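Next come the chains, spelled out residue by residue.
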Amino acid sequence: MGVDQKSTHAERHIDPAHLTTGRLLEGPETLGGIPPDIADLAARLRFSLNDGRIWLDTQRVALIHLSTLAALRQELIERLGIAEARGVLARMGYASGARDAALARKLRPHHATADAFLVGPQLRLLQGAVPIEAVTLEIDIASGHFFGEFRWVDSFEVDAHQSRHAGNARTPVCWMQTGYASGYASTFMGRTIVFKEVQCRAGGAAECRIVGKPLEAWDDIDDDLRALQPERFAGRTATPVAPAPGMYDLVGISPGFMAACHLLRKVASTEATVLFLGETGVGKEIFAHTLHRISRRAGKPFVAVNCAAIPETLMESELFGVERGAFTGATHSRPGRFERADGGTLFLDEVGTLSLTAQIKLLRALQEREIERVGDTRTRKVDVRIIAATNVDLKEAVTAGTFRDDLMFRLNVFPIRIPPLRERRDDVPLLMDYFLHHFAGVHGKAITGFTEAAVDGLYAYDYPGNIRELENLIERAVILCDEGHPLDIQHFEFQHDTAPMLHVGDSGSLESKNQPPATSTLLDEVLSTGLPLEDVEGALLSEAVARTGGNLAQAARLLGLSRPQLAYRLKRQNGR
């Protein structure tokens, strides 16, 4: 079953009359320690028969023949080679596992941690992927401890391999399932957990077996990390090392992040001008630093200019330099950013904020590859590679008359869009782990990890400030947290309405800051609309179904009804 990562909110407004629930045909009484009751998971599987859509909770999914996946696997191997094919399939599995972990935390919020974790193996069973048996599971989210060992016999990946290749495989072949386990455990734990297949039926073993541990607990994990993060510059170590103050490694595994990294590698060896596009805080400067580091100019200077931070009156002298006596206060000559970057890279951040006057002078420098200092009478040749970044739509700025179209064409040679963090949900656990290690080291504190409430809250938050906001949230939490304890939800100060607004109440328990209005106030608001009772009821029913992605059982719980009662009321509404 494949998950459509791009399902939108609009797609979830489904006519409940045409939904049917997934039905268990049979089930074992036991499954290697996995609780046998997966009826709550099966109830999350919905079929919208009139428009050909299938939903697993709020995620749209599709039934795919295993023979199709096997054929895809073989074509990837033939076209890309085994190493590249393994990476593609492992990352597909990782993304699927990350989505299922978010579902698991939501479905079993009051279960013991180990029982909630085992939703993952249950989902794989429900999805028809593989029946998984838990051999060992040691999990403590607050302390960051994890050790898991799982096994299975019936792997379609092994069958696909053996149908094409005679003899035993020299290396394990269950790439998707191992990637799934890594993505699932990393998202569930809020830290990087890597699974390794230690024996495989394709290699002659009686069963397949995987072992998972935190990244820093592994010694021989290079091949497995390379599959998950094929771009070497996007890899990460257990202990992050900042290349410059305020700079970090590129960390991520999500499809959007990997697509940006792929484009970065493609353009790195060229001299093309690169334009990074993305919201504030997505990491455009870190991408620019990385591009310089992996380019042919790596041994030369990298000079950054924040165009929004320099006053217009100083922009020309900052970019091109100034000669002594050019104006009052110019007591000595000094080179500008172009000269300082000679032979290397000049990064123009927030280039969309430049005034039209500055744009004209910048355009000439880019066209002629020469600059003239303020107050000078001669020109100087410069050899720089230009990298620019903006969080505004330059095409719209051109239409509005605030940006020159000829300069836009000069800068927009090779655009790379960096997606916001809300579109990189799979990267959140990796970034949480990364920043925790970094700031614990910076501030000299021993922090054990994250509590379950903190993991849930950080994963669910939309991050309007993107990675920069996550970085600040975790640094502040590390400072507030007591030595030897995990980061908890009360250590995080979410700044936007999309935050999981939780606080510690007088009783010591977590409570929501988004308390519903008092009953009298709510009734006043409803009565003031003048709507008929039937319309108010219809609006409530529709909203509940929409919020739960068409899941009638969950919508009924929101409304305090049984599922049959909700179905009856919906049918009555539709018949009006």
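Predicted model, so just to flag it, every value in this text is computed and none were measured.

Caption draft 1: Structural view of the overall build of the chain. The secondary structure content of the chain amounts to 22 helices and 20 strands. Within the chain, the fraction of its 576 residues that count as buried is 49%. For the chain, contacts bridging at least 24 residues in sequence account for 69% of all contacts bridging at least 6. Of the accessible surface of the chain, which amounts to about 27,400 Å², a share of 52% is contributed by carbon and sulfur atoms.

Caption draft 2: Summary view of the pattern of salt bridges. The tally for this structure, following the rule as stated, stands at 28 salt bridges. Note that Arg-79 and Glu-75 form a salt bridge whose closest N and O atoms lie 2.9 Å from each other. Taken as a pair, Arg-79 and Glu-75 lie in helix H2 (residues 66-80) at a separation of four residues, close to a single helical turn. Residue Arg-79 is classed as exposed on the basis of its relative accessible area, which comes to 67%. When the shortest N-O distance is used, the salt bridge between Arg-201 and Asp-159 registers 3.2 Å. Of the two residues, Arg-201 is situated in the loop between strand S8 (193-199) and strand S9 (208-214) and Asp-159 in helix H6 (residues 156-164); the sequence distance between them amounts to 42 residues.

Caption draft 3: Looking closely at the packing of aromatic side chains. Following the criterion strictly, the structure yields 17 aromatic pairs and no others. A centroid spacing of 5.0 Å and a plane angle of 75 degrees characterise the contact between Phe-117 and Tyr-184, whose relative ring orientation is edge-to-face. You can see Phe-117 sitting in helix H4 (residues 113-117) and its partner Tyr-184 sitting in helix H7 (residues 175-189), a full 67 residues away along the chain. The two residues Phe-117 and Tyr-184 agree in class, both being buried.

Caption draft 4: Focus on the side chain of Arg-380. Note that Arg-380 resides in strand S16 (residues 380-381). Not counting residues within four places of it along the chain, the set of residues in contact with Arg-380 comprises Glu-323, Glu-339, Arg-369, Glu-370, Ile-371 and Arg-373.

Caption draft 5: Fine view of the nonpolar core. Ranked by size, the top nonpolar core spans 73 residues in total, and within it Phe-450, Leu-470, Ile-474, Leu-487 and Phe-492 carry the most contacts. Here this core gets eight residues from one element, more than from any other, and that element is helix H16 (residues 428-442). For Phe-492, the residues in contact, after removing those within four places along its chain, are Phe-450, Ala-454, Leu-458, Leu-473, Ile-474, Arg-476, Ala-477 and Leu-487. Counting residues in each nonpolar core, the second largest holds 30 residues, with Phe-320, Ile-371, Val-382 and Ala-388 among its members.

Caption draft 6: Layout of the packing of H16 against helix H18 (residues 466-480). Look at H16 against H18: their axes get within 9 Å of each other, and the N-to-C directions meet at 45 degrees. By the angle between their directions, the pair H16 and H18 is classed as oblique. Handedness of the H16/H18 crossing: right-handed. The segment H16 lies against H18, with Leu-431, Met-432, Phe-435, Leu-436, Phe-439 and Ala-440 engaging Ile-467, Leu-470, Glu-471, Ile-474, Glu-475 and Val-478.

Caption draft 7: Spotlight on the environment of Gln-122. Tracing the backbone shows Gln-122 in helix H5 (residues 119-126). In this structure, the C-alpha to C-alpha distance between Gln-122 and Glu-133, residues 11 residues apart in sequence, is 9.7 Å.

Caption draft 8: Here's a closer look at the sheet that holds strand S10 (residues 274-277). Judged by pairing direction, the sheet is parallel, and its five strands sit side by side in the order S11-S14-S17-S10-S18 without closing on themselves. Sheet topology places strand S11 (302-306) and strand S18 (414-417) at the edges, where each strand pairs with a single neighbour. On average, each strand axis in the sheet is tilted by 20 degrees relative to the strand beside it, whichever way the strands run. For S11 and strand S14 (residues 345-349), the ladder comprises five bridges, and the chain directions are parallel.

Caption draft 9: How the structure looks around the pairing of S10. As paired strands, S10 and strand S17 (residues 385-390) are joined by four bridges and run parallel to one another. The partner of Val-274 across the bridge, within S17, is Ile-387. Of the strand pairs in this sheet, S10 and S18 are connected by four bridges, and their pairing is parallel. Bridging across to S18, Phe-276 finds its partner in Ile-416.

Caption draft 10: Up close: the packing of H16 against helix H17 (residues 452-460). Put simply, H16 and H17 touch, their axes get as near as 10 Å, and they point 120 degrees apart. On the basis of the axis angle, H16 is oblique to H17. Every pair of crossing elements has a handedness; the one defined by H16 and H17 is right-handed. Where H16 approaches H17, its residues Val-428, Pro-429 and Met-432 are matched on the opposing element by Val-455, Leu-458 and Tyr-459. Its residues placed into classes, the contact of H16 with H17 shows six nonpolar, no polar and no charged.

Caption draft 11: Representation of helix H20 (residues 533-547). The end-to-end C-alpha distance of H20, which contains 15 residues, comes to 21 Å, matching closely the 21 Å that a straight helix rising 1.5 Å per residue would cover. For H20, the complete set of buried residues consists of Val-536, Glu-537, Gly-538, Leu-541, Ala-544, Val-545 and Ala-546.

Caption draft 12: Here's a closer look at the confidence of the model for the chain. Scored by pLDDT, the chain has a mean of 81; 82% of the residues are at 70 or more. Across the chain, element-level confidence peaks in S10 with a mean pLDDT of 97 and bottoms out in strand S1 (residues 2-3) with 42. The low-confidence segment residues 1-19 (pLDDT under 50) makes 49 contacts with residues lying over four places distant or belonging to another chain. A low-confidence stretch, residues 497-520 (pLDDT under 50), is modelled with 31 contacts involving residues beyond four sequence positions or located in other chains.

Caption draft 13: Seen up close, the pairing of S9. Of all seven residues in S9, six are buried, a share of seventy percent or more. Judged from the five bridges that link them, strand S7 (residues 145-152) and S9 form a sheet pairing that is antiparallel. Residue pairing across strands places Arg-151 opposite Arg-209, the latter belonging to S9. Sheet topology note: the S8/S9 ladder contains six bridges and is antiparallel. By the bridge assignment, Ile-193 is partnered in S9 with Pro-214.

Caption draft 14: Main features of helix H10 (residues 284-293). A large share of H10 lies buried, amounting to seven of its 10 residues. By the burial criterion, the buried members of H10 are Lys-284, Ile-286, Phe-287, Ala-288, Thr-290, Leu-291 and His-292. On its buried face, H10 is in contact with helix H9 (255-268), S10, S11, S14 and S17.

Caption draft 15: Representation of the sheet that holds S7. Read across the open sheet, the four strands follow the order S6-S7-S9-S8; overall the sheet is antiparallel. With partners counted over all chains shown, the strands left at the sheet margins are strand S6 (133-140) and S8, one partner each. Strand-to-strand, the axes of this sheet are offset by a mean angle of 15 degrees, without reference to chain direction.

Cut-offs applied
- Residues numbered from 1 in each chain as written.
- Predicted model: local features only at pLDDT ≥ 70, side-chain atom pairs only at ≥ 80, totals over all residues.
- Heavy atoms only, no water.
- Helix = DSSP H or I, 4+ residues; strand = E, 2+ residues; numbered from the N terminus.
- Buried < 20%, exposed > 50% of the residue type's maximum accessible area, 1.4 Å probe, protein only.
- Contact = heavy atoms within 4.5 Å.
- Areas by Shrake-Rupley, 256 points an atom, 1.4 Å probe, with all protein chains shown as cover.
- Salt bridge = Lys/Arg side-chain N within 4 Å of Asp/Glu carboxyl O.
- Phe/Tyr/Trp six-rings, centres within 6.5 Å; stacked < 30°, edge-to-face > 60°.
- Core = buried A, V, L, I, M, F, W, Y, C linked by side-chain atoms within 4.5 Å.
- Axes fitted to C-alpha atoms, helices over the stretch in contact; angles between N-to-C directions.
- Parallel < 35°, antiparallel > 145°, perpendicular 65-115°, else oblique.
- Left-handed = near helix turned anticlockwise from the far one by under 90°.
- Pairing = 2+ DSSP bridges.
- Nonpolar A, V, L, I, M, F, W, Y, C, P; charged D, E, K, R; others polar.
- Expected span 1.5 Å × (residues − 1).
- pLDDT = per-residue confidence, 0-100.

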